[in-house]
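Spelled out from the first residue to the last, the chains are:
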Amino acid sequence: MATNHIVDARAIHKHFGTLHVLKGVDLKVDERELVFIIGPSGSGKSTLLRCLNRLEEPSSGSIVVDGIDMLDAKTDINHARRRIGMVFQSFNLYPHMTALGNVTLALRKVAGKGRAEAEALGRVALERVGLADRAEHTPGQLSGGQQQRVAIARSIALEPRVMLFDEPTSALDPELVGSVLEVMRGLRESGMTMIVVSHEMGFARNAADRVVFMDDGLIVEQGPPAAIFENPTHERTRAFIGQIQRH
Amino acid sequence: MSGWDKFVETFFNAKVMWKYLPDILSGMVVTIELALLIVVTGLGAGLALALLRSLAIRPLNWLIIFVVDLFRSLPPLVIIVLMYFGLPYAGPAPSGFVSTWLSLAFVLMAFSEEIFWAGITSIPKGQWEASRSTGLSFGQTLFNVVLPQAFRLTIPPLTNRTIAITKGTALGTVVAVTEILGQASSAMSNSYNPSPLMMGAAAYIVLFLPVVVAARWIETKFAWKR
Ligand SMILES: Nc1ncnc2c1ncn2[C@@H]1O[C@H](COP(=O)(O)OP(=O)(O)O)[C@@H](O)[C@H]1O
Ligand SMILES: [Mg+2]
């Protein structure tokens with residue numbers, strides 16, 4: 001399928017039983033673009049992200065990421081996922097491994113690196129998130145902010161072509177949010193393509209290329225941050241933005 | 001003769017003990033052999049069933065659950081007796097030793113399958129998702145991420161269950177297995193004296209107390225902070 005977008009999702013529908021969660025979502029993302037997704041809780045933001053790397057199986061539609069048809073039965077999904085990093089609200093670090101162990105697991109098991117090479121690459125990734133000195137710590141010995149940065153390192157170590165963030169700072173104490181956003185800003189400056197679901201409007205304003213507003217399983221409107229935040233055209237967008245800005 | 005002397009004479013009779021010590025020792029050897037066989041095969045089969053169950057193949061899982069529930073509800077003694085006295089009518093005639101081994105291994109398999117399975121399912125979905133999202137396969141995730149965490153959770157219930165079931169080797173006496181209790185009770189009836197039973201009790205303590213202590217040590221060693 002020819003496409004010049006690094007992510008090209010078309011007409012994505014997702015049903016959970018009788019619940020129609022995604023109702024025909026189109027999302028195209030350019031290389032090096034940072035797309036920011038906002039919307040009320042339950043509008044389908046997480047489900048959309050999870051469809052992109054097929055953690056969730058879409059009911060219908062097509063998804064092409066970096067030229068790979070994600071929904072083709074012939075696609076080696078494990079190979080394709082290496083190229084799509086994902087960062088979760090709850091970090092999901094492996095508690096029985098050190099930070100370095102977390103970062104090197106997929107390097108060894110999926111990318112096929114030897115232990116020494118994996119550890120060298122893992123240390124570079126930890127360095128990039130500012131945690132070179134925490135390599136031997138287990139998740140239980142790290143703060144929430146540090147855990148999330150290790151989770152980011154776990155993804156970037158695999159040199160993904162695109163990174164998905166699902167509310168990466170929502171589980172963090174306010175004083176720890178900054179360090180994670182800092183790392184994300186650095187990633188963006190290095191040219192990483194990113195799709196970010198978050199409520200951090202300040203970050204969206206100065207880092208996002210495009211803000212997408214979702215409601216009830218559909219993209220209602222999208223555009224540059226200033227346009228969406230200052231001049232939303234849809235009533236639902238206006239209501240949502242008014243609501244979160246009051247907080 | 002004072003009451004105390006009479007008590008010692010009866011329950012800790014040196015002459016009787018010395019005479020039957022070799023029997024008790026050979027009983028210990030049999031018990032150790034049985035216990036090791038039960039633990040290795042029972043836990044191995046239990047883990048294998050739990051892994052099969054994680055593949056989520058419906059009819060297979062129903063079968064696993066049926067077998068597991070069956071062996072969890074039958075008293076071990078009944079299984080041993082059925083196997084030893086009943087199975088020969090259907091063809092194979094296992095010895096008392098084999099009947100006891102297989103019966104208790106099945107029971108341990110059933111209980112440990114449930115414990116392993118509970119451990120596997122208690123690992124948060126996010127662990128699977130994080131691992132799969134980095135490209136690890138189902139099997140790689142199971143073996144590298146889920147099982148190492150599940151094992152730590154299963155160690156306390158698993159050691160308790162394993163100890164309880166291996167103590168069931170004493171049931172082998174009813175099918176003429178010459179393990180500790182069998183040796184002790186035949187020595188008791190031959191000598192008209194309960195001292196061999198005391199030796200038997202001592203033998204169980206010598207065998208199982210270190211295991212219980214080791215289990216406690218393993219539990220603390222494998223606990224980790226989340
Ligand atoms: N695995 C699931 N099974 C059933 N319903 C689900 C599942 N995952 C999400 N949902 C439902 O889908 C809807 C959208 O959820 P989600 O994508 O998490 O929304 P958001 O991330 O925007 O808050 C919600 O109503 C949620 O309850
Ligand atoms: Mg969500």
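Residues numbered from 1 in each chain as written. Chains lettered and ligands numbered in written order. Predicted model: local features only at pLDDT ≥ 70, side-chain atom pairs only at ≥ 80, totals over all residues. Heavy atoms only, no water.

Using the criterion set out here, one finds 10 aromatic pairs over all chains in the structure. Considering the side-chain rings of Phe213 of chain A and Phe240 of chain A, the 5.3 Å spacing of their centres and the 40° angle between planes classify their relative orientation as tilted. Of the two residues, Phe213 of chain A sits in strand 9 (residues 210-215) while Phe240 of chain A sits in helix 9 (residues 235-246), which places them 27 residues apart along the sequence. Phe240 of chain A carries the same exposure label as Phe213 of chain A, and that label is buried. Taking the centre distance of 6.1 Å and the plane angle of 20° together, the rings of Tyr204 of chain B and Phe208 of chain B count as stacked. In this pair, Tyr204 of chain B and Phe208 of chain B are both assigned in helix 9 (residues 195-222), 4 residues apart and thus about one turn of the helix distant. On the basis of relative accessible area, Phe208 of chain B is assigned to the buried category, the value being 11%. An aromatic cluster is present here, built from Trp4, Phe7, Phe11 and Phe12 of chain B joined pairwise through their rings. (Phe/Tyr/Trp six-rings, centres within 6.5 Å; stacked < 30°, edge-to-face > 60°. Helix = DSSP H or I, 4+ residues; strand = E, 2+ residues; numbered from the N terminus. Buried < 20%, exposed > 50% of the residue type's maximum accessible area, 1.4 Å probe, protein only.)

Quick look at the interface of chain B and chain A now. Listed per partner, the contact involves 21 residues of chain B and 22 residues of chain A. Across the interface of chain B and chain A, roughly 1900 Å² is buried in total on both sides, 57% from carbon and sulfur atoms. A per-residue breakdown of the area chain B buries against chain A is headed by Glu129, Ser133 and Thr134 of chain B, which together make up 28% of the total. Viewed at the interface, chain A and chain B are joined by 1 salt bridge. Between Glu129 of chain B and Arg50 of chain A there is a salt bridge, and its shortest N-O distance comes to 2.8 Å. Applying the counting rule to chain B against chain A returns 7 residue pairs in polar contact (both at pLDDT 80 or more). Broken down by secondary-structure element, the contributors of at least two residues to the side of chain B that touches chain A are helix 6 (125-133) and helix 7 (138-167) of chain B. (Contact = heavy atoms within 4.5 Å. Buried area = accessible area lost by both parts, 1.4 Å probe. Salt bridge = Lys/Arg side-chain N within 4 Å of Asp/Glu carboxyl O. Polar contact = N/O pair within 3.5 Å; in protein donor to acceptor, adjacent residues only side chain to side chain.)

Okay, the site of ligand 1 next. Residue and element names in this part refer to chain A. Around ligand 1, the structure places Phe16, Leu19, Val21, Pro40, Ser41, Gly42, Ser43, Gly44, Lys45, Ser46 and Thr47. Measuring from an oxygen atom of ligand 1, one finds a backbone N or O atom of Gly44 at 3.0 Å. Interatomic distance of 2.5 Å between a side-chain N/O atom of Thr47 and an oxygen atom of ligand 1. When ligand 1 sits alone it has 560 Å² of accessible area, and the protein chains cover 60% of it. Of all the secondary-structure elements, those providing two or more residues to the shell around ligand 1 are strand 2 (19-29) and helix 1 (45-52). Top element by residues in the shell around ligand 1 is helix 1. It accounts for 3 residues. The residue inventory of the shell around ligand 1, partitioned by class, reads 4 nonpolar, 6 polar and 1 charged. (Near = heavy atom within 4 Å. Areas by Shrake-Rupley, 256 points an atom, 1.4 Å probe, with all protein chains shown as cover. Nonpolar A, V, L, I, M, F, W, Y, C, P; charged D, E, K, R; others polar.)

Further remarks concern the nonpolar core. Within the largest apolar cluster, 118 residues are counted, with the highest numbers of intra-cluster contacts made by Leu126, Ile152 and Ile195 of chain A. With 9 residues, the top contributor of residues to this core is helix 5 (residues 96-122) of chain B. In this structure, this core is formed jointly by two domains, domain 1 (2-83 + 161-245) and domain 2 (92-159) of chain A, each of which donates at least three residues. If we ignore the near neighbours within four places in the chain, the residues touching Ile195 of chain A are Val7, Leu27, Val29, Val35, Ile37, Leu49, Leu52, Val162, Met163, Leu164 and Phe165 of chain A. With 11 residues, the next largest nonpolar core counts Ile163, Ala170, Ile180 and Phe208 of chain B among its residues. (Core = buried A, V, L, I, M, F, W, Y, C linked by side-chain atoms within 4.5 Å. Domains from an automatic or database assignment.)

Residues and elements named next belong to chain A. Parsing chain A into structural domains produces domain 1 (2-83 + 161-245) and domain 2 (92-159). On a C-alpha basis, the centroid separation for the pair domain 1 and domain 2 is 24 Å. At the junction of the two partners, domain 1 supplies 16 residues and domain 2 supplies 14 residues. Three residues, Arg82, Met163 and Val183, lead the burial of domain 1 against domain 2; their summed loss comes to 41% of the area buried on that side. Our count for the domain 1 to domain 2 interface comes out at 0 salt bridges. At the surface where domain 1 touches domain 2, the tally comes to 2 residue pairs in polar contact (both at pLDDT 80 or more). Elements with a minimum of two residues in the side of domain 1 that touches domain 2: strand 7 (162-166) and helix 6 (174-189).

Residues and elements named next belong to chain A. Here we have 4 strands laid out as an open sheet, ordered 2-1-4-5, and antiparallel in their pairing. Lying at the two open borders of the sheet, with one neighbouring strand each, are strand 2 and strand 5 (68-69). Here strand 1 (residues 7-16) runs beside strand 4 (residues 60-65); their pairing, made up of 5 bridges, is antiparallel. For Arg10, the partnering residue across the bridge sits in strand 4 and is Ser62. Contacts from helix 1 reach strand 1, strand 2 and strand 4, with the element oriented near 60° to strand 2. (Pairing = 2+ DSSP bridges. Axes fitted to C-alpha atoms, helices over the stretch in contact; angles between N-to-C directions.)

All names here are of chain A. The 6 strands are arranged 6-7-8-3-9-10 in an open sheet whose pairing can be described as mixed. Pairing within the sheet leaves two strands with one partner each, and these edge strands are strand 6 (84-87) and strand 10 (218-223). Between one strand axis and the next, the sheet turns by 20° as a mean value, whatever way the strands run. Pairing geometry for strand 3 (residues 34-38) and strand 8 (residues 193-197), over 4 bridges, is parallel. Paired with Val35 across the two strands is Ile195, which belongs to strand 8.

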